[in-house]
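Tertiary structure, described
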Amino acid sequence: MLLITCPHCGPRDEVEFHYGGQAHVAYPDDPHALTDREWAEFLFYRDNAKGLFAERWQHAVGCRKWFNAVRDTVTYTFQSTYAAGESAPNGVAATHGGTP
Amino acid sequence: MAEKLPEHPDFLWRNPDPKSSYDAIIVGGGGHGLATAYYLASQHGMTNIAVLEKGWLGGGNMARNTTIIRSNYLWDESAAIYEHSLKLWEQLPEELDYDFLFSQRGVLNLAHTLQDVRESQRRVNANALNGVDAYFLSPEEVKEVCPIINIGDDIRYPIMGATYQPRAGIAKHDHVAWAFARRCDQLGVDLIQNCEVTGFLKDGDRVVGVETTRGRISAGKVGLAAAGHSSVLAELAGVRLPIQSHPLQALVSELFEPVHPTVVMSNHVHVYVSQAHKGELVMGAGIDSYNGYGQRGAFHVIEEQMAAAVELFPIFARAHVLRTWGGIVDTTLDASPIISDTPVEELYVNCGWGTGGFKGTPASGYTFAHMIATGAAHPLNKSFSLDRFETGHLIDEHGAAAVAH
Ligand SMILES: Cc1cc2nc3c(=O)[nH]c(=O)nc-3n(C[C@H](O)[C@H](O)[C@H](O)COP(=O)(O)OP(=O)(O)OC[C@H]3O[C@@H](n4cnc5c(N)ncnc54)[C@H](O)[C@@H]3O)c2cc1C
Ligand SMILES: [Zn+2]
């Protein structure tokens, strides 16, 4: 069971949260300009890091806010959690997904 | 009395050192890698080949799964490949000359809501059109197939019916791996354990070998069958895969006299259970929502699964859990596998079987071997290519995949 620190409410049990996959995947600036390949990247391709991973969580039965976290996908320990809109610490960020 | 397990032959396979070069290399010594090597050798006459495994043969998801085999998938593409797999299962014990206790005791997929009922009936009709044995049963008929099940309506999600596939069943998974491994070895395939692939050798856009913890090995063709690690591995070759890896858990009880004659699965309340030949109740749960490689998952997932199991089977309340464990499954967004060529010439991938690839083991190996040997897709795996994520021809099996992912 994970103990997750909501940046707004503090540490809470995993069952209060909803997982949202990779963080920092930007919606395409100009959707009409995308090729099929780029659409596929945006919709279906996400990083699958073994190690530190920047991802989204929602405090679903608490404040209901989405926020971001950097978590190790091998040990499952959280390095940090931070509010949506803030950039990832230590340069851990999406390497793909969406247009630059 | 529980069924007696077959004796192990004392000698199953050699443990050769890797040669400097092979016609083809399969990365991953799980069921899929071993089946691929078996069909490469037996169907395509390719015997100068090796299976490279970072740990021990069959030590990944092959040894961690709940061994359910069935072919009642919704779409034509899936029905075709899983039904082909089931037909191969039916002949493999004789073909491999190894009794791995394939037991066709049937599977019930429960419906607990009106929407479940409609989806199930649709799937039964689709199965019938594809020549897959499938029936829709009323709650009373469910109870005839599985007398210990609770069809009362005083539980949170009462049983409103079920699909039933009589030819479905279970097999002893370790023995399946050993059966393939022994026959591969007899056919001259080198099975190399403790040999992790750490990189790829390329000549321009073409793969020409692999880097391993036991040195460089050149190869004409390379096939990846690394389940939970497929995207990590492919990335080393510069190939990005639409895969997310998640923990999936299972557990077994202590041994009991036979009480549970079939396989029961519920997509809605997330439990699937059968009774192993020795007598353990074998149960699986849903995946943990987060990405992970730790081969363990969260306790609350097991708690939910047990709560559902005890409502469906009140007599389970007295059973003790003996062991829980997790595997890492590689999921795709349409809950269907990928058996495909890649942007790198002569590099092929077989992955994305998610929570349901054990049943696919024979057909996975059969089609992947065809692709590696001939360079072209077999009709059964043509639709399971990587380019479906670009063309939009997805094979959405979330309903029939039966474990939500
Ligand atoms: C708890 C659980 C329950 C399941 N229940 C069912 C079920 O009831 N029915 C069903 O059909 N399916 C089920 N599955 C899914 C099924 O187990 C998998 O889809 C299937 O086993 C995957 O294929 P595989 O056997 O080849 O994988 P694995 O056995 O995982 O083989 C992959 C191998 O690749 C090796 N490898 C990885 N990276 C490298 C590298 N760099 N170099 C060398 N080797 C490498 C790994 O060590 C591993 O041995 C379940 C899975 C789990 C975890
Ligand atoms: Zn909160």
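Residues numbered from 1 in each chain as written. Chains lettered and ligands numbered in written order. Predicted model: local features only at pLDDT ≥ 70, side-chain atom pairs only at ≥ 80, totals over all residues. Heavy atoms only, no water.

- Under the annotation held in an unreviewed UniProt entry, chain B carries the name Sarcosine oxidase subunit beta and is attributed to Nesterenkonia lutea.
- What UniProt records for chain B under Subcellular location (unreviewed entry) is the sentence "Cytoplasm". (UniProt positions renumbered as here; feature names shortened; annotations may be inferred.)

- Looking up chain A in an unreviewed UniProt entry gives the name Heterotetrameric sarcosine oxidase delta subunit, with the organism given as Nesterenkonia lutea.

1. Some thoughts on unusual backbone geometry
Residues and elements named next belong to chain B.
- Residue Ala-227 is not a glycine yet carries a positive backbone phi of 40 degrees.
- The topology assignment puts Ala-227 in the loop between β11 (215-224) and α6 (230-236).
- On the basis of relative accessible area, Ala-227 is assigned to the partly exposed category, the value being 28%.
- The backbone of Gln-295 shows a phi angle near 50 degrees, a positive value even though the residue is not glycine.
- Structurally, Gln-295 can be placed in the loop between β15 (280-287) and α7 (299-312). (Helix = DSSP H or I, 4+ residues; strand = E, 2+ residues; numbered from the N terminus. Buried < 20%, exposed > 50% of the residue type's maximum accessible area, 1.4 Å probe, protein only.)

2. Observations concerning the interface of chain B and chain A
- Counting residues at the interface gives 29 residues for chain B, matched by 26 residues for chain A.
- Carbon and sulfur atoms make up 53% of the surface buried where chain B meets chain A, a total of about 2300 Å² over both sides.
- Its largest share of buried area at the contact with chain A, chain B owes to B:Arg240, B:Tyr290 and B:Glu390, together 32% of the area lost on that side.
- On the surface where chain B and chain A come into contact, there are three salt bridges. (Contact = heavy atoms within 4.5 Å. Buried area = accessible area lost by both parts, 1.4 Å probe. Salt bridge = Lys/Arg side-chain N within 4 Å of Asp/Glu carboxyl O.)

3. Here's the deal with the environment of B:Ile25
All names here are of chain B.
- Among the structural elements, Ile-25 can be located in strand β1 (residues 21-27).
- Judged by its relative accessible area of 0%, Ile-25 is buried.
- Separated by 192 residues in sequence, Ile-25 and Ile-217 place their C-alpha atoms 8.9 Å apart.
- With residues near it in sequence (within four places) discarded, Ile-25 still touches Ala-50, Leu-52, Val-210, Ile-217, Ser-218, Ala-219, Lys-221, Val-222 and Gly-223.

4. Some thoughts on the pairing of strand β10 (residues 206-212) of chain B
Residue and element names in this part refer to chain B.
- Of the pairings in the sheet, the one linking strand β9 (residues 197-203) to β10 comprises six bridges and is antiparallel in character. The residue bridging Asp-203 from the neighbouring strand is Arg-206, located in β10.
- Hairpin connection, β9 to β10: the antiparallel pair is bridged by two residues, and Gly-204 has positive phi, about 65 degrees.
- Judged from the four bridges that link them, β10 and β11 form a sheet pairing that is antiparallel. Among the inter-strand pairings, Val-210 is bridged to a residue of β11, identified as Ile-217.
- A loop of two residues connects β10 with β11, the two strands running antiparallel in sequence. (Pairing = 2+ DSSP bridges.)

5. Some thoughts on the sheet that holds strand β14 (residues 271-275) of chain B
Residue and element names in this part refer to chain B.
- With mixed pairing, eight strands are arranged side by side in an open sheet as β5-β6-β4-β13-β14-β15-β12-β16. Strands with a single pairing partner mark the edges of an open sheet, and in this sheet they are β5 (135-137) and β16 (321-331). Within this sheet the neighbouring strands show an average axis-to-axis angle of 20 degrees, counted without direction.
- Alignment of strand β4 (residues 107-111) against strand β6 (residues 161-165), held across five bridges, turns out to be antiparallel. (Axes fitted to C-alpha atoms, helices over the stretch in contact; angles between N-to-C directions.)

6. Examining the packing of aromatic side chains
Residue and element names in this part refer to chain A.
- Applying the stated criterion across every chain yields a total of 18 aromatic pairs over all chains.
- Each ring, one from Tyr-19 and one from Trp-57, has its centre 4.9 Å from the other, and the planes form 70 degrees; the classification is edge-to-face. Pair noted here: Tyr-19 is in strand β3 (residues 18-22) and Trp-57 is in strand β4 (residues 52-58), with a separation of 38 residues, a long-range link. For the pair Tyr-19 and Trp-57, a shared accessibility class is recorded, and that class is buried. (Phe/Tyr/Trp six-rings, centres within 6.5 Å; stacked < 30°, edge-to-face > 60°.)

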